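# Observations on the three-dimensional arrangement
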Amino acid sequence: MHETYQAIEVSEPGVLRVVERPMSEPGPGQVRIRVEACGICHTDAATVTGTYPRLALPRVPGHEVVGRIEALGSGVSKWKIGQRVGVGFFGGEDGVCEPCRRGDIVNCQNPVIPGISADGGYAEVMIAEARGLASVPEELTSVDAAPLLCAGITTYNALRNAGLRGGDLVAVQGIGGLGHLGVQFARRMGFHTAAIGRGREKEKLAQDLGAHVHIDTTEDDAAAVLRRMGGARAILATGTSGATMGPLVSGLSARGKLIVLGVPQDLIQLSAFPLVFGGRSIYGSLTGTPIDNEDGLAFSVLENIRPMVETAPLEQAADAYARMMQGKARFRMVLTMAH
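First, a word on what this report is: a plain description of the structure on this page. Since the model is a prediction, treat every value here as computed from it, not as a measurement.

### What about the overall build of the protein?
Looking only at helices and strands, the protein has 10 helices and 15 strands in total. Here the C-alpha radius of gyration of the protein, 20 Å, is about what a compact globule of 339 residues would show, namely 20 Å. When its C-alpha atoms are laid out on the principal axes, the protein stretches across 65 × 40 × 40 Å. The buried share of the protein, reckoned over its 339 residues, is 55%. Within the protein, contacts between residues separated by at least 24 positions form 66% of all contacts whose residues are at least 6 apart in sequence. Per element, the accessible surface of the protein, about 14800 Å² overall, is 49% carbon and sulfur. One way to put it: in the protein the 32 positive side-chain charges average out to a point 7 Å from where the 35 negative ones average out.

Put into structure tokens, the structure is as follows:
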């Protein structure tokens, strides 16, 4: 076994550098993963910029991790050496806070978050909590599986937990890293799927992903188009602009839901009228449990849902991260390891 491994760490805000770290053994309840692929997520910016609350640097980013277990800590019985597993944004719960005690472990007040509270997957190896692992189906490549562990589960869970019925009109705002998966999940779940994008050039992409309708916001008011269609039962807001999210509420049907998945820097401004008259609502949705991730991966295999990805070797992580942040990736960047 090598005594060191290569990793990409944030040594100070804004600096991603290649380092050699000493190999460490997993502690009780942990495993060591030989990483095969790690997706780059927009949320990684909170680590790279050093802005996540209580973040301690240096830190290795990355929470869309797929690899094979190469060492087991004491007390780990479910998982085996050589098994391919994944870790998403939710890497483990404390089990004692009030949300955990009420069974809402995704909203644990002291979660393990790879790349934030613990070192993540921008590395050749990673220590992970066994309770945070998801089994990865053989039908998925590691590169395809990685984004499904964050962007995938975020859109999948938002849709399946929204109380929708087959045939309901569902709109996905933004055809990017989250949205291009949201459109696929919405169509495969049996919803009348509308994709809201900017520019006529997105129309063919939307159709290829499975959208029944493409709404070009450079030509039409998205909320008005949705109202003419009878109103959306749900809208997934996946973009990064709060200014474009608020007006979508008026495109919902009575009791419709605007589900916020993207986290914009600007405020979401709302009119109270469509909320009160029609009982419409707006709320956020965040990731899922490890077993939710296994559900999402299995559904992706069943319905042939795949992310659109670009890959880069681990040592080019800084360039790949910059490409993602500049909006040039189509649509997810995934780091791959030499081994």
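### Observations regarding the packing of aromatic side chains
Counted according to the given criterion, the structure contains four aromatic pairs. For the ring pair Tyr156 and Phe299, a centre distance of 5.6 Å and an interplane angle of 40° mean the geometry is tilted. Within this pair, whereas Tyr156 is found in helix H3 (residues 142–160), its partner Phe299 is found in helix H9 (residues 290–302), the two being separated by 143 residues in sequence. Looking at Phe299, the relative accessible area reads 17%, which means it is buried. Measuring from ring centre to ring centre gives 4.6 Å for Phe273 and Phe277, while their planes differ by 20°; the resulting arrangement is stacked. Each of the two residues, Phe273 as well as Phe277, counts as exposed. One residue, Lys78, lies across the ring of Trp79, its end atom 4.8 Å from the ring centre.

### Details of unusual backbone geometry
The peptide bond linking Leu57 to Pro58 adopts the cis configuration, its omega dihedral lying at 5°. Tracing the backbone shows Pro58 in the loop between helix H1 (45–48) and strand S4 (64–72). With an omega dihedral of 0°, the bond running from Arg330 to Phe331 counts as a cis peptide bond. Mapping Phe331 onto the fold places it in the loop between helix H10 (317–325) and strand S15 (332–336). Even without being glycine, Asn304 reaches a positive phi, approximately 55°. As for its position among the elements, Asn304 is in the loop between H9 and strand S14 (309–313).

### Some points on the side chain of Asp144
Considering the arrangement of structural elements, one finds Asp144 in helix H3. When sequence neighbours within four positions are dropped, the list of residues in contact with Asp144 reads Arg306, Pro307 and Val309.

### A closer look at the environment of Tyr321
Looking at the secondary structure, you find Tyr321 in helix H10. Residue Tyr321 is classed as buried on the basis of its relative accessible area of 10%. Sequence-wise, Tyr321 and Ala7 are 314 residues apart; in three dimensions their C-alpha atoms are separated by 14 Å. Ignoring anything within four residues of it in the chain, the contact list for Tyr321 reads Leu16, Ile40, Asp44, Ala45, Val48 and Tyr122.

### Digging into the sheet that holds strand S8 (residues 169–173)
Strand order in the open sheet made by the six strands is S10-S9-S8-S11-S12-S13, with parallel pairing throughout. Strands at the two margins of the open sheet, each flanked by one partner only, are strand S10 (213–216) and strand S13 (281–284). With strand direction ignored, the average angle separating the axes of adjacent strands in the sheet is 20°. Pairing of strand S12 (residues 252–260) with S13 involves four bridges; the strand directions are parallel. From the neighbouring strand, Leu258 faces S13, where its bridge partner is Ile282.

### Section: the environment of Met23
Among the secondary structure elements, Met23 is positioned in the loop between strand S2 (15–22) and strand S3 (30–40). Classification of Met23 as buried rests on a relative accessible area of 14%. In this structure the C-alpha to C-alpha distance between Met23 and Glu3, which are 20 residues apart in sequence, comes to 5.3 Å.

### A word on H3
Remark: the principal bend of H3, roughly 50°, maps to Leu149. With 18 of its 19 residues buried, H3 lies for the most part within the structure.

Scoring rules and cut-offs
- Residues numbered from 1 in each chain as written.
- Predicted model: local features only at pLDDT ≥ 70, side-chain atom pairs only at ≥ 80, totals over all residues.
- Heavy atoms only, no water.
- Helix = DSSP H or I, 4+ residues; strand = E, 2+ residues; numbered from the N terminus.
- Rg over C-alpha atoms; globule rule 2.2 N^0.38 Å.
- Buried < 20%, exposed > 50% of the residue type's maximum accessible area, 1.4 Å probe, protein only.
- Contact = heavy atoms within 4.5 Å.
- Areas by Shrake-Rupley, 256 points an atom, 1.4 Å probe, with all protein chains shown as cover.
- Lys, Arg positive; Asp, Glu negative; His and termini not counted.
- Charge placed at Lys NZ, Arg CZ, Asp CG, Glu CD.
- Phe/Tyr/Trp six-rings, centres within 6.5 Å; stacked < 30°, edge-to-face > 60°.
- Lys NZ or Arg CZ within 6 Å of the ring centre and 35° of its normal.
- Pairing = 2+ DSSP bridges.
- Axes fitted to C-alpha atoms, helices over the stretch in contact; angles between N-to-C directions.
- Bend = angle between axes of the 7 residues up to and from the residue.

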